[in-house]
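What follows is each chain in one-letter form.
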Amino acid sequence: MAANNFSTTKNLSEAPEAINTDVYNAIKSYIQASLASNSIPSLEEYLTDNVDHISDHTDLRMDIRRVWTKRYATVAQTLGVMVTHDEEIDWDQIKCLIKESKTVSKPTSSPTARLMTEAALKDVKQKYSEVLESGQVWKLESGRIVEKVMMDVADAFEYEHPVHSLIMNPDDLLFEDKFTKAELDEIKNTKSVEFDQELPSEMKEYLYSFSDKKTLDQLNDAVVQQTFHPTRESDLHWVRKSFENAVDLYNYDILKDHFAEDDAEHNAWSFIATCFHPTRIRATSSSQNQMLSGHEPEMKYTYLGYKLGLNIVGLDDVCACGAKELLECEMEASKMLKHFFTTIVNDNQSTIREAKTAAFILSGLHMTILIMDSPKGSACRITQSERVLFPCDADICAANLIPILELTYRVRLYLLDTVKAISSTNQIVSVGKMGKKRALIPQCIISPYASSSTAISSTDTKSSSNKRQKH
């Protein structure tokens, strides 16, 4: 193993703001222990000896070499330890170790992971049994039934997971050894969500006219060079305003100040809501029921009273995708999307294969999109976009913002497909006794109240249930 060159000068006690405290303390302890034993600290040794911890703070979609090299060097610097990176690390092997850890690990370390109670598991089994008995299932080319495999997975998983609510993300490592690669590909590719719809030609041409603008002066000149009518040229107007708002963040050094995550939606991400302004989809701020974790959707996107999408803001942005964000992406957002989806589909049954709901997961300056649909059967599928980073400097503005605006506009197109499906339905369903009709898509389970870090007595549970908002 090749060595790093170190010299020590001083120790600092606090973690830098850009690094999660757990990550900072783990790296700090390793470096200090190595120095105390007269050993040379090594990034490779740290990674291989702490795989489970590394896994908890790693998103495999990101460049793990860049992320962990930067974290390690940053902590070393705060300790006054000079480090030069000359060791050869097998990053493919590190990634395999992390992937294996994610596959076998349960979220016992998460303070908000909810242990499934007996009542919750009973509810899960009942919902799956009703689906299987109805015959409205997804039969793969292999002959296997998607919902049956999901039921077996749900029964074996002791912490609440979207699978307990008949939600499946085929990219979730939980399913990697439950379906074959061919089966997972079939699940992904059936009426797939690709985020690749064609953009209006004029809009695309104007959007890419910013691609060669590399300086702040060039960006400012490009923004003021043309203006567009807000209603007759709404797409072009939106692109221009989006760039104008982004450039103003650089003009006034907004992103160089202490950038609070609570301000993210209003500063960096305001173009998401304005993208829907010219459509029949209304973007409205939410101050209503909280989500299960206590986080509110900051913005909801509605049509005729149906909720089609939402923004979720204020998640942890300390790493590529921290445990907190993963939990909320895969649990809270997924369940909220399904609540939206089932309301649409069970009211307008002909929309079941066309309807989609969407979540913009905003984690500081990062964004991830979740799209929910149901291409076959009774389960709901989650498709997750790549994670994108809002450009924090003018020289990368066009390179980062152009694909972000494309992605946002394409989500709008998906939700407009849902609007079209709802508005074109001509099915008339008679009103009868409540509970008489079987819902096409079952609702989510009610989350168990006990968390992995909290023991709740029956009295506490009763009190908690009286206070908890249910969706």
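Residues numbered from 1 in each chain as written. Predicted model: local features only at pLDDT ≥ 70, side-chain atom pairs only at ≥ 80, totals over all residues. Heavy atoms only, no water.

Peer 1: Sorry, what's going on with the overall build of the protein here?
Peer 2: Within the protein, the secondary structure is distributed over 16 helices and 8 strands. Counting across all 471 residues of the protein, residues that qualify as buried make up 49%. Within the protein, contacts between residues at least 6 apart in sequence are counted, and of these 70% link residues at least 24 apart. Element-wise, carbon and sulfur atoms account for 48% of the exposed surface of the protein, whose accessible area totals about 22800 Å². (Helix = DSSP H or I, 4+ residues; strand = E, 2+ residues; numbered from the N terminus. Buried < 20%, exposed > 50% of the residue type's maximum accessible area, 1.4 Å probe, protein only. Contact = heavy atoms within 4.5 Å. Areas by Shrake-Rupley, 256 points an atom, 1.4 Å probe, with all protein chains shown as cover.)

Peer 1: Whenever I open this one, the packing of aromatic side chains confuses me. Can you help?
Peer 2: Here the distance between the centres and the angle between the planes together describe a pair of aromatic rings. Applying the stated criterion across every chain yields a total of 14 aromatic pairs. Taken together, a centroid distance of 4.8 Å and an interplanar angle of 70° make the contact between Tyr206 and Phe228 edge-to-face. Of this pair, Tyr206 sits in helix H9 (residues 201-208) while Phe228 sits in the loop between helix H10 (216-225) and helix H11 (234-251), and the two are 22 residues apart along the sequence. Accessibility expressed as a relative area gives 6% for Tyr206, which makes it buried. In this structure Phe228 comes out as buried when scored by relative accessible area, which is 12%. An angle of 65° between the planes, with centres 5.9 Å apart, marks the rings of Tyr301 and Phe360 as edge-to-face. One end of the pair, Tyr301, is in strand S3 (residues 297-303); the other, Phe360, is in strand S5 (residues 357-363), with 59 residues separating them in the sequence. Like Tyr301, the residue Phe360 is buried in the burial classification. Over the ring of Trp68 we find Arg71, and its NZ or CZ is 4.3 Å from the ring centre. (Phe/Tyr/Trp six-rings, centres within 6.5 Å; stacked < 30°, edge-to-face > 60°. Lys NZ or Arg CZ within 6 Å of the ring centre and 35° of its normal.)

Peer 1: How should the pairing of strand S6 (residues 366-373) be read in this particular structure?
Peer 2: The two faces of the sheet receive side chains in turn, since in a regular strand these alternate between them. The element S6 is largely enclosed, with a buried count of 8 among its 8 residues. Where S5 lies against S6, 7 bridges are found, and the strand directions are antiparallel. Each bridged residue has a counterpart across the sheet, and for Ser363 the counterpart in S6 is His366. Hairpin connection of S5 to S6: 2 residues between the antiparallel strands, including Gly364 at a positive phi of 65°. Note that S6 and strand S8 (residues 388-389) share 2 bridges and pair antiparallel. Bridge pairing links His366 to Leu389 in S8. Judged from the 4 bridges that link them, S6 and strand S7 (residues 380-384) form a sheet pairing that is antiparallel. Bridged to Asp373 within S7 is Arg381. Turn length for the S6-S7 hairpin, with the two strands adjacent in sequence and antiparallel, is 6 residues, and the turn residue Gly377 shows positive phi of about 65°. (Pairing = 2+ DSSP bridges.)

Peer 1: Looking at this structure, how should I read the packing of H10 against H11?
Peer 2: When two helices pack together, their arrangement is given by the angle between the helix axes and by the axis-to-axis distance. Relative to each other, H10 and H11 sit at 145°, their axes nearing to 10 Å. Handedness of the H10/H11 crossing: left-handed. Contact with H10, carried on its side by Leu216, Leu219, Asn220, Val223 and Val224, involves Arg240, Phe243, Glu244, Val247, Tyr250 and Asn251 of H11 and no other residues of that element. Within the contact of H10 with H11, the residues separate by chemical class into 7 nonpolar, 2 polar and 2 charged. (Axes fitted to C-alpha atoms, helices over the stretch in contact; angles between N-to-C directions. Left-handed = near helix turned anticlockwise from the far one by under 90°. Nonpolar A, V, L, I, M, F, W, Y, C, P; charged D, E, K, R; others polar.)

Peer 1: So what exactly am I meant to see when it comes to the pattern of salt bridges here?
Peer 2: Pairing between side chains of opposite charge can happen when the charged atoms of each approach one another. Tallied over the full model, the rule gives 16 salt bridges. The residue Asp152 makes a salt bridge to Lys148 at a minimum N-O spacing of 3.1 Å. Placement of the pair is Asp152 and Lys148 together in helix H7 (residues 146-156), with a separation of 4 residues, close to one helical turn. On the basis of relative accessibility, which here comes to 41%, the residue Asp152 falls in the partly exposed class. (Salt bridge = Lys/Arg side-chain N within 4 Å of Asp/Glu carboxyl O.)

Peer 1: I would appreciate a short explanation of H9 in the present structure.
Peer 2: An α-helical turn contains 3.6 residues, so any two residues separated by three or four positions project in the same direction. Within H9, the full set of buried residues consists of Met203, Tyr206 and Leu207. Buried residues of H9 fall within an arc of 100° about the axis and therefore sit on the same side. The exposed set on the far side of H9, more than 90 degrees from its buried face, consists of Ser201 and Glu205. (Arc of directions from axis to C-beta.)

Peer 1: Sorry if this is basic, but what is going on with the packing of H9 against helix H15 (residues 397-424) here?
Peer 2: Interhelical geometry of H9 versus H15 gives an angle of 155° and a closest axis separation of 10 Å. Here H9 is positioned roughly antiparallel relative to H15, judged by the angle of their axes. As for how H9 packs across H15, the hand of that crossing is right-handed. Here Met203, Leu207 and Tyr208 of H9 come into contact with H15, specifically with Ile402, Leu405, Glu406 and Tyr409. (Parallel < 35°, antiparallel > 145°, perpendicular 65-115°, else oblique.)

Peer 1: Would you explain the confidence of the model for the protein in this entry?
Peer 2: Detail in the predicted coordinates should be disregarded across regions flagged by low pLDDT. Chain-level statistics for the protein give a pLDDT mean of 82 and a share of 78% at 70 or above. Low pLDDT (under 50) marks residues 288-296, which in the prediction has 27 contacts with non-local residues, meaning those over four places away or in another chain. Segment residues 450-471: pLDDT under 50, and 28 contacts once partners within four positions in sequence are set aside and those in other chains are kept. (pLDDT = per-residue confidence, 0-100.)

Peer 1: What should I look at first to understand H10 in this one?
Peer 2: Considered for burial, the residues of H10 that qualify are Leu219, Ala222 and Val223. Each buried residue of H10 lies within a common arc of 100° when the element is viewed along its axis, so the set occupies one face. Away from the buried face of H10 by more than 90 degrees, exposed residues Asp217, Asp221, Val224 and Gln225 are located. Looking at the packing, one finds that the buried side of H10 touches H9, H11 and H15.

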